[in-house]
Each structure stands twice: as structure tokens, then as C-alpha cells.
Amino acid sequence: MNLLSLFSGCGGMDIGFEGDFSCHRKSINKNIHPDWITEETGDWVRVAPTVFKTVFANDIRPDAKSAWVSYFEKKKFDANEIYHLESIVDLVKRAKSGDDVFPQNISIVTGGFPCQDFSVSGKRLGFNSSKSHLGVALENDEPSIESRGQLYMWMRDVITLTAPKLFIAENVKGLTNLSDVKEVIEHDFASAGNGGYLVVPAKVLYAPDYGVPQSRERVIFFGFKKSSLTKEAISALSQENIPEKYDPYPTRTHGAELAPIVTCADVLSDLSEPGESTDASQRKYSKAKYMGNHCQGGNAVPCVLAYNIAKSIENKWTLYFREEENDNIS
């Protein structure tokens, strides 16, 4: 199924949604998901591919595109053309003016809209960001729909333009305790397609619960196209407490009685120290100061967490959507 990726960065979320990547064996709980592993080599495994295929990606950073293309060109001959080095604001404006910007037959839209204005390690300006959609200071102090803090609204426009059956958006946990921001975003996303989407209450997922060796928390938004859902799915997804059978959020795989939490020591144990390595990429590392437990580094969904989300959706796709909507699922 065709996937349209926004705010793609260097591709962590896209890699996870397509699957067929390598990760540490401890990141996959074989007792729960034995079918997820296709190959095993020492401490490393390759996970099975999903049904999703990235046909469009975008970001404004050339270095992000270089990283994305360097990975996906091994799988896609047109990786360089798939990734658009252009702001989502400019892409939407071109599409609305009549340009053929976005591919047809999109089943799912994903996007991690910029988090800097919601993060506890930033100024927390939220919707009143002082930065533009290009990441530079706004020319005046007036709040703007084109500011970095409101780029999720342009993601909503892409959803309206492409009409996917499902969209998934993500951001930092700090968004959930910044006034009523979470509820406002849920409401705005639901208005996509002239009010055509059912947005379930956003949840915070803790990465270590899914085999990721990072203490990262991400808030995930799911939106379902109402006209494509079965009556049973609409009823279930509209409940305050969604039945487990229809719950789109992935089931925990690690922690407590499930499987040991994966640590950085587990995944880095076979690497040389930066000063001793002959690998140029290994010699570079972050020297950021520790800012306390309330802060977390990075601004993207790790691919293993994204894979858990993708597999949860893949396994329940035919439960959600009407039979005529499932031509791509055997």
C-alpha cells in the first residue's frame, strides 16, 4: 500500500513502516512475535517487510535527504525522486494551484511535524512559534499559520488533498501538557477532508516498552477516514475505551514480565570507542551536556517503534476498512 511520508528527516519512521531492516535481536520479542524475524546473524536480526511502500517523502534539510536516499536507494531505484527537498507549505500551495505534487492512490500518510516548539527542552512557544516553516526567524512577531508551530495544519491539508484511509502523526510528550494543545490538534486533524476523519485520543508511547534502547516518549495521533471504515470499526473506534481488538496502538513487548529492556550497552557493545575506530561515522558523536531527566535527545520515532506501529495497523487493516477498500491486502 502506498505511503506518503511528511517531515521525513533521515527516514527512521519510513524504515520502520516498510520493515525489512536489521536491528538487535533483543529488540524483537520472539515469544510474542516469532514471525517478525526473517534472518538471524549473531546478535542481529532482520525483520519481515510490511505491506507499506513509501512513494513520497519530504523535508527541508539537504543532509536529511542525503541520509534517506543513501539507505532507500538500495531498495528503490527512484529514491532521489521520491524525496522532495521542499517545505510542506510550498508543496501544499503548489498542489492547490493545480500542480501535480502528490501521488495518487495513497493509503496512509505519516508525519512527525516539528517538535521544537512543544518540547520541554525548548521555549515551548507552541502555536506561537517565532520560526517560519523554513526554520528561520519570522520577519515579524505576529503568529502565522506558516510558522513552525502550526505545520501540522499543512499536514492536515495534505490529508485533505490525498484522502488516505489512515494517517499517523507524532510529536514529543511535551505537547500533551502544554495547555490544551493535544485536544486542539486532535480537533484540527478531525476536520481534514471536510470533517471526514475519526481521530482517536492520542497516546504517549514509551520507546523502551517496544525494544528501543532509548528513554524516549512520543505522542501518537491516529486518524481514520470515516467513509472507508466498517460500521463495527466506527463503533469501536468511537468508544472512550477502544476494545483491544480494534485498538490501533501496538501492544507492549518489553519490560516487567515480557522481556528485558534493551540497553545502549546491548546495541553498542561490538563498536570500538570513537577515538579508536577507523569508521569516520563512528568517530563523530554528540557532546551535548546532560540537562536532566525532564529532557530527551532526538526528535524522531525510532524505526523499531515505528515497526511496532506499522505491524499493529497491518494486522488490523481488514478489521477497520470495508472489503472494497482492501484490494491491496491478501
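All values derive from a computational prediction rather than experimental measurement.

## Observations concerning the pairing of strand β10 (residues 217–225)
- Counted residue by residue, β10 has seven buried out of nine residues, so it is predominantly covered.
- Strand direction decides the pairing type here: strand β9 (residues 197–206) and β10, joined by eight bridges, are antiparallel. Counted as the bridge partner of V199 is G223 from β10.

## Describing the pattern of salt bridges
- In the structure shown here, the tally under the stated rule is 16 salt bridges.
- Across the pair R94 and E86 runs a salt bridge, and its minimum N-O distance is 3.1 Å.
- Here K203 and D247 are joined by a salt bridge, their closest N and O atoms 3.6 Å apart. Of this pair, K203 sits in strand β9 while D247 sits in the loop between α8 (231–237) and α9 (264–268), placing them 44 residues apart in sequence.
- A single salt-bridge network, built from bridges that share partners, covers D20, R46 and K75.

## Things to note about the packing of helix α4 (residues 88–96) against helix α5 (residues 152–162)
- The N-to-C vectors of α4 and α5 enclose an angle of 35 degrees; their axes lie 9 Å apart at closest approach. The interaxial crossing formed by α4 with α5 has left-handed handedness. Along the contact surface, α4 presents I88, V89, V92, K93, A95 and K96, while α5 presents W154, M155, D157, V158 and L161.
- Class assignment for the residues of the contact of α4 with α5 results in eight nonpolar, no polar and three charged.

## A look at the environment of A95
- The topology assignment puts A95 in helix α4.
- For the pair A95 and V158, spaced 63 residues apart in sequence, the C-alpha separation works out to 9.0 Å.
- Among residues more than four places away in sequence, those in contact with A95 are V101, F102 and L161.

## Some details on the side chain of D188
- Within the fold, D188 resides in helix α6 (residues 181–190).
- In this structure, D188 is buried with no salt-bridge partner, the nearest side chain bearing the opposite charge being R156 at 4.6 Å.
- Excluding its chain neighbours within four sequence positions, the residues that come into contact with D188 are Y152, M153 and R156.

## Regarding the confidence of the model for the protein chain
- Mean pLDDT for the protein chain: 86, with 83% of residues reaching 70 or above.
- Across residues 115–136, where pLDDT falls below 50, the model places 71 contacts with residues more than four positions away in sequence or in other chains.

## A closer look at the pairing of strand β4 (residues 44–47)
- The alternating pattern of β4 places V45 and V47 on a buried face, while none of W44 and R46, on the opposite face, is buried.
- Relative to β4, strand β2 (residues 22–24) is paired through three bridges, and the arrangement is antiparallel. Residue pairing across strands places S22 opposite R46, the latter belonging to β4.
- Here four bridges tie strand β3 (residues 37–41) to β4, and the two strands are oriented antiparallel to one another.

## A few points about unusual backbone geometry
- Residue D20 is not a glycine yet carries a positive backbone phi of 60 degrees.
- Relative to the elements of secondary structure, D20 occurs in the loop between α1 (12–18) and β2.
- Overall, D20 belongs to the partly exposed group, its relative accessible area being 27%.
- Non-glycine residue A256 carries a positive phi angle of around 55 degrees.
- Mapped onto the secondary structure, A256 falls in the loop between α8 and α9.
- Judged by its relative accessible area of 73%, A256 is exposed.

What counts and how
Residues numbered from 1 in each chain as written. Predicted model: local features only at pLDDT ≥ 70, side-chain atom pairs only at ≥ 80, totals over all residues. Heavy atoms only, no water. Buried < 20%, exposed > 50% of the residue type's maximum accessible area, 1.4 Å probe, protein only. Helix = DSSP H or I, 4+ residues; strand = E, 2+ residues; numbered from the N terminus. Pairing = 2+ DSSP bridges. Salt bridge = Lys/Arg side-chain N within 4 Å of Asp/Glu carboxyl O. Axes fitted to C-alpha atoms, helices over the stretch in contact; angles between N-to-C directions. Left-handed = near helix turned anticlockwise from the far one by under 90°. Contact = heavy atoms within 4.5 Å. Nonpolar A, V, L, I, M, F, W, Y, C, P; charged D, E, K, R; others polar. Lys, Arg positive; Asp, Glu negative; His and termini not counted. pLDDT = per-residue confidence, 0-100.

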